Amino acid sequence: MPLFLNLTDADRVRKTLRSADPLSCCHTWYRTRRRGGRARSGQVHIHNQRAPTGICSTSSTARSGSHPHESLCISWHSVKESANIASRHFERADALFYATIASVNSDSDDDLSWLVSERGQAALADVEAAIAAWFTTPAGESEQHSSAQLPLALVQQLHNSLQHAGWNSEERAALITQAELRRKATAKFPDAAGCLFFTPAGLQQATRSLVARYHAHMFAQLGARSVLDAGAGIGADSRAFALAGLQVTAVELDQQTAALLKANLADFPHAQVIHADSLTVVAHTQFSPTDAIWMDPMRRDGGRRMMKPEQWIPPLSSALSVAGRAPISGIKVAPGIAYADLPTDACVDWVSVNGDLVEAVIWRGPGITPGRRAIVLTDNAPKHQPIVVTADASDPTQPPVLVPPRALDASLNDANRSVILDPDPAIIRSGAISWVAQTFGLAPTSHKIAYLAGQQNAQSVLRLHAFGSLFDVLHISSIKPAELRTLLRQEGSPDIEVLERGVNVDTAKFRKALLAGTDRHQRTNNERLSVILTPILGRRRAVIARRILRPIAGVTTRH
């Protein structure tokens, strides 16, 4: 929540800063107006390195606390948000201060039961309608894609309207924040964002609806009839489990999040919410053969990613022990987890969505075949069916099978074409590259390089496109810009993108060097070509290629 403090109340300022939980840095612009005097402005920087004492240090470019009419609004932001905020100057003619109100922290211990009440939901609907209406205006259309935050003018307008309706400052901030979170949530929940309740941390950590449906599908496939969601958050996975017809027990310790979780599951009579410590609930639960546990250990602390599994909350070893109490279990983990940290009796899935690697999941149960798999999900796949590729490893801790590299040529003929496949990141991370290479007769361009290349006919090209980004090879040359510019002129001086793997080149600077001296009006080719920088049999080479855009069809999967 935004904190409106009088700068003369030094004790309250110090107490607030010590008890607050900022991400890492706060930049707050403010302007004060003294009666009979000149307006004064300044900037307050509040830093917290998350020391055990929680002490924050402050500095100000303007003298504060010297007049009873001076005030300060504190809002917590990430470093990136702070950089954006610091570049703006906010002004309001009749105000004692100017500050950002749009990016607020609602992860406090305040009770938000009023927000899910009939009156709160009606006010929230009004705020959402006002935001939607504003974005249809000329000013709103220009701001639609320019910023992740609501413009300050709109936020102030909403605050004034809510204040006139009788809502206090904390309620106004919560309503606007909730409306903004729903607007951001449409990317993860395209069909349900408008009816769910979020916290900032809950939205950041929530599983996308497409992935949550896959989790529910896996539990059903393993024979589960009920799932205990230990640490359910705002209920993204619990909701998917309930939609799949599973009996759901969603456990959440945080009081505020538990209230929102209950509202998010209100439409499912076979789902119950328990406000308690999930480990205590698990310890006192008797599981039947068709019961399952779902766990999502916390991997961030105040915006800082915890890299080591034993730093997670709970640590991975504890999560595995707790989940082992149920016959069937799934544990969501970071996709960068090392093979050595995995249990040997699990099937571990690496999951991607539309080409982005989003998570890994450790599955254990009676129907599990140990190993590693890639789960490729796309929005345009028929009925959102995943592409499943299994790595050649019966033990998930084993290293991936390496395929010997071979030479690449740029020859084209009527029957075959030389192509390069940039595999989906889930395929790369799970070590399933060897299956793709062996199935389609491809090979890496060089040792330990993920680009796969070879000759393919039209039918295999259509199938290959489902496993990553596919390119037609046009030319192979050195990485010297002069030589590449000559080849690009032969192609009509098209626009280009530069991709790199194993060469360690700044792609932005390299692209700029290739386009230097090229006039847009000189182009006779309006398409965009790709310049792929990669070792070929150990030598640094550049491949000029054309992306192959094909719909996903005729895909075969291996289970």
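Rules of the game
Residues numbered from 1 in each chain as written. Predicted model: local features only at pLDDT ≥ 70, side-chain atom pairs only at ≥ 80, totals over all residues. Heavy atoms only, no water. Helix = DSSP H or I, 4+ residues; strand = E, 2+ residues; numbered from the N terminus. Buried < 20%, exposed > 50% of the residue type's maximum accessible area, 1.4 Å probe, protein only. Contact = heavy atoms within 4.5 Å. Areas by Shrake-Rupley, 256 points an atom, 1.4 Å probe, with all protein chains shown as cover. Pairing = 2+ DSSP bridges. Axes fitted to C-alpha atoms, helices over the stretch in contact; angles between N-to-C directions. Parallel < 35°, antiparallel > 145°, perpendicular 65-115°, else oblique. Left-handed = near helix turned anticlockwise from the far one by under 90°. Phe/Tyr/Trp six-rings, centres within 6.5 Å; stacked < 30°, edge-to-face > 60°.

**Student:** Please explain the overall build of the chain as it appears in this structure.
**Tutor:** Assigned secondary structure in the chain consists of 17 helices and 23 strands. Sorting the 559 residues of the chain into buried and exposed places 49% on the buried side. Contacts spanning at least 24 positions in sequence make up 67% of the contacts within the chain whose residues lie at least 6 apart. With an accessible surface of roughly 26500 Å², the chain has 50% of that area assigned to carbon and sulfur atoms.

**Student:** Help me understand the pairing of strand E22 (residues 528-536) in this model?
**Tutor:** Each regular strand shows side chains that alternate between the opposite faces of the sheet. Burial analysis of E22 places 8 of its 9 residues in the buried class, the great majority of the element. Linking E22 to strand E23 (residues 539-547), which pair antiparallel, is a turn of 2 residues; within it Leu-537 sits at a positive phi near 50°.

**Student:** I'm lost on unusual backbone geometry in this one. Help?
**Tutor:** Peptide bonds are, in most cases, trans, and in most cases residues other than glycine have a negative phi. The step from Ile-313 to Pro-314 runs through a cis peptide bond, and the omega angle for that step is -5°. With respect to the secondary-structure elements, Pro-314 resides in the loop between strand E11 (304-305) and helix H12 (316-323). Of note, the phi angle at Asn-354 is positive, near 50°, even though the residue is not glycine. If you trace the backbone, Asn-354 turns up in the loop between strand E13 (347-353) and strand E14 (356-364). Unusually for a residue other than glycine, Leu-537 sits at a positive phi of about 50°. Topologically, Leu-537 is positioned in the loop between E22 and E23.

**Student:** Hey, could you run me through the packing of helix H8 (residues 209-221) against helix H9 (residues 236-243) in this one?
**Tutor:** Helix packing for two helices is described by the angle between their axes and how far apart those axes are. Contact pair H8 / H9: the axes reach a minimum separation of 8 Å and the direction vectors enclose 50°. Taken together, the axes of H8 and H9 are oblique relative to one another. Remark: the crossing between H8 and H9 carries right-handed chirality. Facing Ala-212, Arg-213, His-215, Ala-216 and Phe-219 of H8, the residues of H9 in contact are Ala-236, Asp-237, Ala-240 and Phe-241.

**Student:** Teacher, can you tell me more about the sheet that holds strand E19 (residues 452-456) here?
**Tutor:** Two strands in a sheet stick together by hydrogen bonds in their backbones, pointing the same way (parallel) or opposite ways (antiparallel). Taken in spatial order, the 7 strands line up as E18-E19-E17-E20-E23-E22-E21 in an open sheet, and their pairing is mixed. Because the sheet does not close on itself, it has two edges, and the strands there are strand E18 (443-444) and strand E21 (495-500). Contacting strand E17 (417-423) and E19, helix H14 (residues 433-440) crosses the sheet at an angle of about 20° to E19. Docked against the sheet, helix H17 (residues 507-515) engages E21 and E22, running at close to 145° with respect to E21.

**Student:** I would appreciate a short explanation of the packing of aromatic side chains in the present structure.
**Tutor:** When we look at a pair of aromatic rings, we describe it by the centre distance and by the angle of the planes. Across all of its chains, the model carries 11 aromatic pairs by this definition. With centroids separated by 5.5 Å and ring planes inclined at 40°, the aromatic side chains of Trp-114 and Trp-167 adopt a geometry described as tilted. With Trp-114 in the loop between helix H2 (79-86) and helix H3 (118-134) and Trp-167 in the loop between helix H5 (152-164) and helix H6 (169-185), the pair connects residues that are 53 residues apart, well separated along the chain. When the centroid spacing of 5.4 Å and the interplanar angle of 80° are considered together, the rings of Phe-219 and Phe-241 count as edge-to-face. A residue pair is termed long-range when its members are at least 10 positions apart, and Phe-219 in helix H8 and Phe-241 in helix H9 qualify at 22 residues. A connected cluster of aromatic rings, assembled from ring pairs, spans Phe-219, Phe-241, Trp-294 and Trp-363.

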